[in-house]
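Okay, here's what each chain looks like letter by letter:
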Amino acid sequence: MAAVGEPAVSDPSIQPRSPTVPVITDDEHLLEAFGGREGLVKIMDDVMPRWVKNPRTRPFFEPADQERIKALLVEQFCVIMKGPCTYSGRTMAEAHRGMNVNEGAFFALVEELQKSMNAMHVPFAAQNRLIAALAPMHRDIIDR
Ligand code: HEM
């Protein structure tokens, strides 16, 4: 394992090549790729019914205040994308404490989110940037 600050790959023959497809490097454009704040609202409208339907996420979302969660997710994702928003919800640890979210539920939630992003024609590179930002949150959300 490379130490912090060292390049992860030291052998130049296995260095990644320069990207040949355009990648999104500007956070302003990331929110744009999602259709702005309005686009995030549409994604939440699309994904919440999927979470309620999916057997792995249903037990969590069916009894919850779905409209409130959707609104807070819009705020949170907008902030993640450096948009002009404020997140007014709790920390991920506080919000999910004692809920017994497991890995299966976490991955199911992300999978349904990916379906919604595809349905909304969010470019794949932009989807991946959001997923990469969400992935580290699993530590605060999953109970082991
Ligand atoms: C990266 C993954 C996740 C993100 C970004 C996320 C984000 C959020 C946010 C922003 C809230 C609102 C916070 C608040 O209530 O103040 C919330 C609440 C909630 N989340 Fe998550 N969450 C994630 C994963 C999950 C998973 C995997 C489940 C269950 C399958 C889940 C179930 C819930 C429920 C039921 C609430 C409502 C809690 C309550 O009303 O007390 N979340 N989440």
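Basis of the calculations
Residues numbered from 1 in each chain as written. Predicted model: local features only at pLDDT ≥ 70, side-chain atom pairs only at ≥ 80, totals over all residues. Heavy atoms only, no water. Helix = DSSP H or I, 4+ residues; strand = E, 2+ residues; numbered from the N terminus. Buried < 20%, exposed > 50% of the residue type's maximum accessible area, 1.4 Å probe, protein only. Phe/Tyr/Trp six-rings, centres within 6.5 Å; stacked < 30°, edge-to-face > 60°.

**Let's talk about the side chain of Gln76**
Inspection of the secondary structure assignment puts Gln76 in helix 4 (residues 66-80). In this structure Gln76 comes out as buried when scored by relative accessible area, which is 10%.

**Looking at the packing of aromatic side chains**
The way to describe two aromatic rings as a pair is by their centre distance and the angle between their planes. Taken as a whole and judged by the stated rule, the model has 2 aromatic pairs. Aromatic pair Trp51 and Phe61: ring centres 5.0 Å apart, planes at 25 degrees, arrangement stacked. Within this pair, whereas Trp51 is found in helix 2 (residues 36-53), its partner Phe61 is found in helix 3 (residues 58-61), the two being separated by 10 residues in sequence. Across the pair, exposure class does not vary: Trp51 and Phe61 are buried alike. With centroids separated by 6.1 Å and ring planes inclined at 90 degrees, the aromatic side chains of Phe106 and Phe107 adopt a geometry described as edge-to-face. For Phe107, a relative accessible area of 52% corresponds to the exposed category.

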